[in-house]
Amino acid sequence: MEKLAILADAAKYDVSCSSSNSSRKNKDKGLGDASGNGICHAYTEDGRCVSLLKILLTNHCIFDCAYCVSRKSNDIKRAAFTVQEVVDLTIGFYRRNYIEGLFLSSGIFDNPDYTMERLVRIVKKLRLEENFNGYIHLKAIPGASPELLKEAGLYADRLSVNVEMPTEQSLKLLAPDKNHVDVIKPMEYLKNEIIGYKEEKKQNYKAPLFAPAGQSTQMVIGATQENDMEILGMANYFYEQMNMKRVYYSGYVPISYDNRLPAIGTPVPMIRENRLYQADWLIRFYGFHVNEMVGFDQPNLDLDIDPKLGWALRNLNQFPVDINTADLELILRIPGIGVLSAKKIVAARKFKKLQPEDLQKLGISYSRSKYFLAFAAPFQLQRDLTSIQIKEHILNSQKSKYKNDFSNQLALF
């Protein structure tokens, strides 16, 4: 239990642990089932949280990354699980209905292969000896051999290699022993293996699964001075070139007195992290390009408004939009209208001309979208407002618990 307390606490800084899009089903009356809907953090009536067991195999590490709490120079209590201990914890917690899956990462014991081999042994034991079919997210250790990465993909649902710092320059500054090449190389290998196994599965339904939930990565935000254009550009590269399922953004939590990093007590950039996730969502699901939200003239996202509203205010010439005639791609760009709402609008207008009261019934945020909409019979639309006036109206109508935190994190350096 002491090991669990230490190694679960050390794992909290890794946020890339979602569990969507796995297709692993229960077989041979085994334990667990990783459905395509993913595992959510949920609370039972007696207060238990049903989710993933999220731990490190060890917080011993040969590296001295300044941003990491487990760096070798940090004076903290060290611990390490044995392979069997992780297996027993996972099965024991699952049978008590505490968890539905495992998220397993690790510091580097001695070298990448030695550590990766132990991680693979754990997932292999769970699958083959315990017949565990629940969700498993496994960290792929940069520098590990392709043979071990391949074996890991055969037993885990999702693999992830954290890029950590958005640029090579920042990585060299804070983690001199690491480089981006060692991270990109396993990403490319996993991408090719995932594609290859998917093609094989089409030809032979009995072909084994290989990381059915794909791969993900994480970037630490606010530890160094990269702007949002650099961060989102890197994320876009991962989506386009590595077929990444998700890129996660982790606001840096000051844990070190190192003068290369923000001082302890510096606020965690939660608002900036949230804006990056919103921009990421726009890239993945709304058809936006990175250079539509950030550019050399504006390298950082607005903190007081979301990226979609920011784009709309900079492009008022494209509004107002008549939702009764506009195509889906343009409707998706209207602030206050999400993907599902946009599809509902396109489906509903086949039966009648939509009016403001109809849109409100469809669940859109009309108080936000009304400034960008046009109707045959205008509904008190104020089309002569400037972008500054629209922004003020929207900000005055919304309440945020983070209102006092709307400050640019980069100004701290």
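Above this text sits the structure in question.
Notes on the structure follow. (Residues numbered from 1 in each chain as written. Predicted model: local features only at pLDDT ≥ 70, side-chain atom pairs only at ≥ 80, totals over all residues. Heavy atoms only, no water.)

## Things to note about the pattern of salt bridges
Step number 1: According to the stated counting rule, one finds 15 salt bridges in the structure shown.
Step number 2: Lys202 is the partner of Glu199 in a salt bridge, and the nearest nitrogen-oxygen pair spans 3.4 Å. Placement of the pair is Glu199 and Lys202 together in helix α6 (residues 180–203), with a separation of 3 residues, close to one helical turn.
Step number 3: Of the charged contacts in the structure, one is a salt bridge between Lys352 and Asp358, with a shortest N-O distance of 3.1 Å. (Salt bridge = Lys/Arg side-chain N within 4 Å of Asp/Glu carboxyl O. Helix = DSSP H or I, 4+ residues; strand = E, 2+ residues; numbered from the N terminus.)

## Describing the nonpolar core
Step number 1: Core analysis: the largest hydrophobic core is formed by 113 residues, its most contacted members being Tyr249, Leu359 and Phe372.
Step number 2: Looking at this core element by element, the count peaks at 7 residues for helix α7 (residues 228–241).
Step number 3: Each of two domains, domain 1 (1–22 + 35–269) and domain 2 (316–410), supplies a minimum of three residues to this core.
Step number 4: When near neighbours in sequence (up to four residues on either side) are disregarded, Phe372 contacts Leu309, Ala312, Leu313, Leu316, Phe319, Pro320, Val321, Ile334, Pro335, Ile390 and Ile394. (Core = buried A, V, L, I, M, F, W, Y, C linked by side-chain atoms within 4.5 Å. Buried < 20%, exposed > 50% of the residue type's maximum accessible area, 1.4 Å probe, protein only. Domains from an automatic or database assignment. Contact = heavy atoms within 4.5 Å.)

## Structural notes on unusual backbone geometry
Step number 1: Cis rather than trans, the peptide bond between Phe319 and Pro320 has omega equal to 5 degrees.
Step number 2: Structurally, Pro320 is set in the loop between α10 (307–314) and β8 (321–322).
Step number 3: One non-glycine residue with positive phi stands out, namely Asn131, at about 55 degrees.
Step number 4: Position of Asn131 among the secondary structure elements: in the loop between α3 (112–129) and β4 (135–139).
Step number 5: Given the relative accessible area of 22%, Asn131 is considered partly exposed.

## Here's the deal with α7
Step number 1: Taking 1.5 Å of rise per residue, the 14 residues of α7 would be expected to cover 20 Å, and the 19 Å separating its terminal C-alpha atoms lies within 8% of that figure.
Step number 2: Restricting attention to buried positions, one finds in α7 the residues Asp228, Met229, Ile231, Leu232, Met234, Ala235, Asn236, Phe238 and Tyr239.
Step number 3: Of the surrounding secondary structure, the elements contacted by the buried residues of α7 are α6, β6 (215–221), β7 (246–251), α8 (270–285) and α9 (290–293).
Step number 4: Measuring from the backbone nitrogen of Met229 back to the side-chain oxygen at the start of α7 gives 3.1 Å, which picks out Asn227 as the cap.
Step number 5: Once α7 finishes, Asn243 follows within two positions and takes phi at roughly 50 degrees, a positive value. (Expected span 1.5 Å × (residues − 1). Polar contact = N/O pair within 3.5 Å; in protein donor to acceptor, adjacent residues only side chain to side chain.)

## A few points about the environment of Ser105
Step number 1: Looking at the element boundaries, Ser105 is found in strand β3 (residues 99–105).
Step number 2: A relative accessible area of 9% means that Ser105 is categorised as buried.
Step number 3: Spatially, the C-alpha atom of Ser105 lies 8.1 Å from that of Leu119, the residues being 14 residues apart in sequence.
Step number 4: Setting aside residues up to four positions removed in sequence, Ser105 forms contacts with Asp14, Ile55, Leu56, Leu57, Leu119 and Lys139.

## Here's the deal with the side chain of Ser256
Step number 1: With respect to the helices and strands, Ser256 occurs in the loop between β7 and α8.
Step number 2: A distance of 3.0 Å separates a polar atom in the side chain of Ser256 from the backbone nitrogen of Asp258.
Step number 3: Among residues more than four places away in sequence, those in contact with Ser256 are Ala66, Arg71, Leu261, Pro262 and Ile264.

## Digging into the packing of aromatic side chains
The geometry of an aromatic ring pair is captured by two quantities: the separation of the ring centres and the angle between the planes.
Step number 1: Applying the stated rule across the entire model yields 9 aromatic pairs.
Step number 2: Between Phe109 and Tyr114, the ring centres sit 5.9 Å apart and the planes meet at 90 degrees, which makes this aromatic pair edge-to-face.
Step number 3: Look at Phe109 and you get partly exposed, because its relative accessible area is 21%.
Step number 4: For Tyr114, a relative accessible area of 39% gives the class partly exposed.
Step number 5: An angle of 15 degrees between the planes, with centres 4.9 Å apart, marks the rings of Tyr197 and Phe210 as stacked. With Tyr197 in helix α6 and Phe210 in the loop between α6 and β6, this pair connects stretches of sequence that are 13 residues apart. Grouping residues by exposure puts Tyr197 and Phe210 together as buried.
Step number 6: Among the aromatic residues, those joined into a ring-pair cluster are Phe288, Trp311, Phe319 and Phe372. (Phe/Tyr/Trp six-rings, centres within 6.5 Å; stacked < 30°, edge-to-face > 60°.)

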